[in-house]
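Observations on chain architecture
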Amino acid sequence: MRDMTLDDLQGEIGVEHLLTYADGRRRRVFAVDLEVPFPEGRLIVSRTDPSGVITQANESFVAMSGYSIDELIGQPHYILRHPDMPAAAFKDLWDTVRRGEKWTGYVKNLRKDGAYYWVFASVVPNIRDGCIVGYTSVRRKPSRRKVAEAAALYPALK
Amino acid sequence: MPLTFTVSPDFNARYLPGWYVVNTWLQRHTGESIHLEGCDDFDSLHRAMRDDRIDLVYANSFDAARLVRDHGFIAVARPHGRPDEAVVAAATRSTLNSIDDLRPGTRVATTDNPDVHMMGMIMLEPADLDASNLVVEQRPSFVLVAKSLLNGESDVGFFLAETFDELSATVRHQLRVLVRSEIQVISHLVLAHPRIGDRVDAIRRSLLLMHSDERGRAALADVGVEHWEPVDHEDVEFMIDLMVALTG
Ligand SMILES: Cc1cc2nc3c(=O)[nH]c(=O)nc-3n(C[C@H](O)[C@H](O)[C@H](O)COP(=O)(O)O)c2cc1C
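No experiment lies behind these values; they were computed from the predicted model shown.

**Points about the domain arrangement of chain B**
Residues and elements named next belong to chain B.
- With domains assigned, chain B is organised as domain 1 (3–82 + 186–247) and domain 2 (86–180).
- Each of domain 1 and domain 2 has a C-alpha centre, and these two points are 28 Å apart.
- Listed by partner, the interface residues are 14 residues for domain 1 and 11 residues for domain 2.
- In total, about 1,000 Å² of surface goes out of reach between domain 1 and domain 2, with carbon and sulfur atoms giving 55% of it.

Next comes the structure, spelled out in structure tokens:
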């Protein structure tokens, strides 16, 4: 996955961060303080393989992420990780879904242009013949109050 | 023993005669004897599911999830280009223009249609509303949901989008859409009981060709379906994973 560059930011000002992902890989990203509202009535849907590599994404996913579908398929889902998100949230996500259970939570996602969008996400394992063959995530427009709570809580978890 | 074909009660009631025409066509083309059982409400559908009386069913995604995961039902076909979507509407003369205008205590008129209710509730969440701070009342039909908005008994109502679009022009003009879902991947399905597994291929083949003969096309028009399209087991599993992710 390539580093973000200032050219990605569409003329906005971004703060540089160096992210280290759970698999040890690193990426330079820029976070722009600009929220893109979740579209009403839509769901953002994606699927991954068992290791978290994106295998499928719907139109709303592509539109909100700012990437093209070709830039998303085959990439680890952490392509959307925002520097403000605590690692503990994702550890809990993975621990939960690997046990075969459903995880839900409020997630701030990073767009290709450095802006962000909040979602209420549910992740479920795809269990076929008793085996986990991948994961599906559905995100919906979150409650404003819950987002405010998460935004206040997450910095303390970092 | 004739097969029992059950149709979910959540479609527009004006389609019910059409389902008899579809059933007649299907019998002629498969050589099967099939008895159509229209259900008046979800109670009778769910009783038929529990009593294991269903061989073929046109089910909404909620019931399809249970029939496939718990009873091993087999996916046969789905209506082309006809996803299940929901509308949240208010009376035009109310002061409500968007979901953001809604406050705790909002009176919601809904039906026993489980997909529409789920989608409606999801669309109220952004305004911090859920079952704990809404007054939710069930009405026997979408027409009566509309009526309760018009006479001021409820503030917002949940509708199946296609039923909303088919309300009379007079009624529709008195209603304002606050939000319409665009989920696109949730739809009704035709499913078959595993005990008729050896006959599913023939039934599926007939349904997929239905629009290529004149009578078949007419029958489809009577139930508001353009044509049937194939669904494989993984399509259905994907839809069910989505439902699981969205509910309880
Ligand atoms: C189906 C699925 C969907 C996911 N969606 C997101 C997402 O939208 N945004 C995100 O930051 N992480 C998402 N994750 C979690 C990432 O895999 C990853 O754990 C996270 O971005 C943090 O990166 P790290 O675990 O390498 O630190 C998802 C995981 C799965 C299995």
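That shown, we press on.
**Structural notes on the pattern of salt bridges**
- The full count for this structure, using the stated rule, is 31 salt bridges over all chains.
- Among the ionic pairs, A:Arg128 bridges to B:Glu237, the shortest N-O distance being 3.7 Å. Here A:Arg128, found in strand β6 (residues 116–128), pairs with B:Glu237, found in helix α10 (residues 233–246), and the two come from separate chains.
- A salt bridge links B:Asp51 to B:Arg53; the nearest nitrogen and oxygen atoms lie 3.7 Å apart.
- Via salt bridges that share partners, A:Arg47, A:Arg128, B:Arg69, B:Glu234, B:Glu237 and B:Asp241 belong to a single interconnected network.

**Focus on the site of the ligand**
All names here are of chain A.
- Residues in contact with the ligand amount to 14 residues; listed here are only the nearest, Ala22, Arg81, Trp94, Asn109 and Arg139.
- Arg81 is positioned with one of its side-chain polar atoms (N or O) 2.8 Å from an oxygen atom of the ligand.
- Within the side chain of Trp94, an N or O atom sits 2.9 Å from an oxygen atom of the ligand.
- Summarising the interface, the protein chains cover 93% of the accessible area of the ligand, which totals 600 Å² for the free molecule.
- Within the residue set of the shell around the ligand, elements represented by two or more residues are α3 (87–98) and β7 (131–140).
- Its residues assigned to classes, the shell around the ligand shows eight nonpolar, four polar and two charged.

**Quick look at the side chain of A:Lys108**
All names here are of chain A.
- Here Lys108 lies in strand β5 (residues 103–110).
- One polar contact links Lys108 to Asp84, side chain to side chain, over a distance of 2.7 Å.
- Once residues within four sequence positions are removed from consideration, Lys108 is found in contact with Leu80, His82, Asp84, Met85, Tyr116, Tyr117 and Trp118.

**Observations regarding the pairing of strand β3 (residues 56–59) of chain B**
All names here are of chain B.
- Going residue by residue along β3, you find Leu56 and Tyr58 tucked away on one face and Val57 and Ala59 tucked away on the opposite face as well.
- Summarising the sheet, strand β1 (residues 3–7) and β3 pair through three bridges and their orientation is parallel. Opposite Phe5, over in β3, you have Leu56 as the bridge partner.
- When β3 meets strand β10 (residues 189–192), the two strands line up antiparallel, connected through four bridges. Counted as the bridge partner of Leu56 is Ala192 from β10.

**Thoughts on the sheet that holds β7(A)**
All names here are of chain A.
- Read from one edge to the other, the open sheet built from five strands follows the order β4-β3-β7-β6-β5, with strand pairing classed as antiparallel. Two strands lie at the open edges of the sheet, namely β4 (54–57) and β5, each paired on one side alone. Direction aside, the axes of adjacent strands within the sheet are offset by 30 degrees on average.
- Here five bridges tie strand β3 (residues 44–48) to β7, and the two strands are oriented antiparallel to one another. Paired with Val45 across the two strands is Val138, which belongs to β7.

**Let's talk about the pairing of strand β2 (residues 26–32) of chain A**
Residues and elements named next belong to chain A.
- Among the seven residues in β2, five count as buried, and that is most of the element.
- Pairing analysis gives seven bridges linking strand β1 (residues 14–20) to β2, with the strands arranged antiparallel. Opposite Thr20, over in β2, you have Arg26 as the bridge partner.
- Counting the residues between successive antiparallel strands, the hairpin from β1 to β2 contains five residues, one of them, Gly24, with a positive phi of roughly 90 degrees.

About the thresholds
Residues numbered from 1 in each chain as written. Chains lettered and ligands numbered in written order. Predicted model: local features only at pLDDT ≥ 70, side-chain atom pairs only at ≥ 80, totals over all residues. Heavy atoms only, no water. Domains from an automatic or database assignment. Contact = heavy atoms within 4.5 Å. Buried area = accessible area lost by both parts, 1.4 Å probe. Salt bridge = Lys/Arg side-chain N within 4 Å of Asp/Glu carboxyl O. Helix = DSSP H or I, 4+ residues; strand = E, 2+ residues; numbered from the N terminus. Near = heavy atom within 4 Å. Polar contact = N/O pair within 3.5 Å; in protein donor to acceptor, adjacent residues only side chain to side chain. Areas by Shrake-Rupley, 256 points an atom, 1.4 Å probe, with all protein chains shown as cover. Nonpolar A, V, L, I, M, F, W, Y, C, P; charged D, E, K, R; others polar. Buried < 20%, exposed > 50% of the residue type's maximum accessible area, 1.4 Å probe, protein only. Pairing = 2+ DSSP bridges. Axes fitted to C-alpha atoms, helices over the stretch in contact; angles between N-to-C directions.

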